[in-house]
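# Coordinate analysis (summary)
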Amino acid sequence: MKWMLVYIVLGGSDPIAVNALGPNGDVFDDMIECFLAREQLSITVGGSDGYFPTNSQAVCIPTDKY
């Protein structure tokens with residue numbers, strides 16, 4: 001099983017959810033790698049230590065599609 005980090009942003013008329021690693025469908029080999037990347041993403045987008053700014057969130061989702 002692989003893990004995908006999905007970044008969700010609410011705003012405007014349509015919410016957006018994207019693969020945080022880009023449009024190529026990149027995924028993580030294990031959950032821990034995904035969670036560590038989630039923490040780093042929170043800092044990159046203006047949050048801190050796993051907390052995201054208001055109207056945004058990221059989740060690690062298990063997948064068998066990749």
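Read on for a plain summary of the structure. (Residues numbered from 1 in each chain as written. Predicted model: local features only at pLDDT ≥ 70, side-chain atom pairs only at ≥ 80, totals over all residues. Heavy atoms only, no water.)

## Quick word on the nonpolar core
Test applied: Here, nonpolar core refers to any group of buried Ala, Val, Leu, Ile, Met, Phe, Trp, Tyr and Cys residues whose side-chain atoms link them within 4.5 Å. Between buried and exposed lies partly exposed: a residue is buried under 20% and exposed over 50% of the maximum accessible area for its type, with that area taken using a 1.4 Å probe on protein chains only. Only DSSP runs of H or I reaching four residues or more are called helices, and only runs of E reaching two or more are called strands; each is numbered from the N terminus.
Core analysis: the biggest nonpolar cluster contains 10 residues, these being Trp3, Leu5, Tyr7, Phe28, Cys34, Ala37, Leu41, Phe52, Ala58 and Cys60. Mapped onto this core, the elements with two or more residues apiece are strand 1 (2-9), helix 1 (31-44) and strand 3 (56-63).

## With respect to the state of the cysteines
Rules: Two cysteine sulfurs form what is called a disulfide whenever their separation falls within 2.5 Å.
Applying the stated criterion to the full structure yields one disulfide. At a sulfur-sulfur separation of 2.3 Å, the disulfide partner of Cys34 is Cys60. Negative torsions about the S-S bond denote left-handed disulfides, and the value of about -105 degrees found for Cys34 with Cys60 makes this one left-handed. Highlighted residues: Cys34 in helix 1 and Cys60 in strand 3, separated in sequence by 26 residues. Judged by its relative accessible area of 0%, Cys34 falls in the buried class.

## Re the sheet that holds strand 3
What counts is decided by this rule: At least two bridges found by DSSP between two strands are what make those strands a pair. Interaxial angles span 0 to 180 degrees and are taken between N-to-C directions of axes, which are lines fitted to C-alpha atoms, for helices over the stretch in contact.
The three strands are arranged 2-1-3 in an open sheet whose pairing can be described as antiparallel. Single-partner strands in this sheet number two, and they are strand 2 (16-19) and strand 3. In this sheet, adjacent strand axes meet at a mean angle of 25 degrees when their direction is disregarded. Of the strand pairs in this sheet, strand 1 and strand 2 are connected by four bridges, and their pairing is antiparallel. What sits directly across from Ile8, in strand 2, is Ala17.

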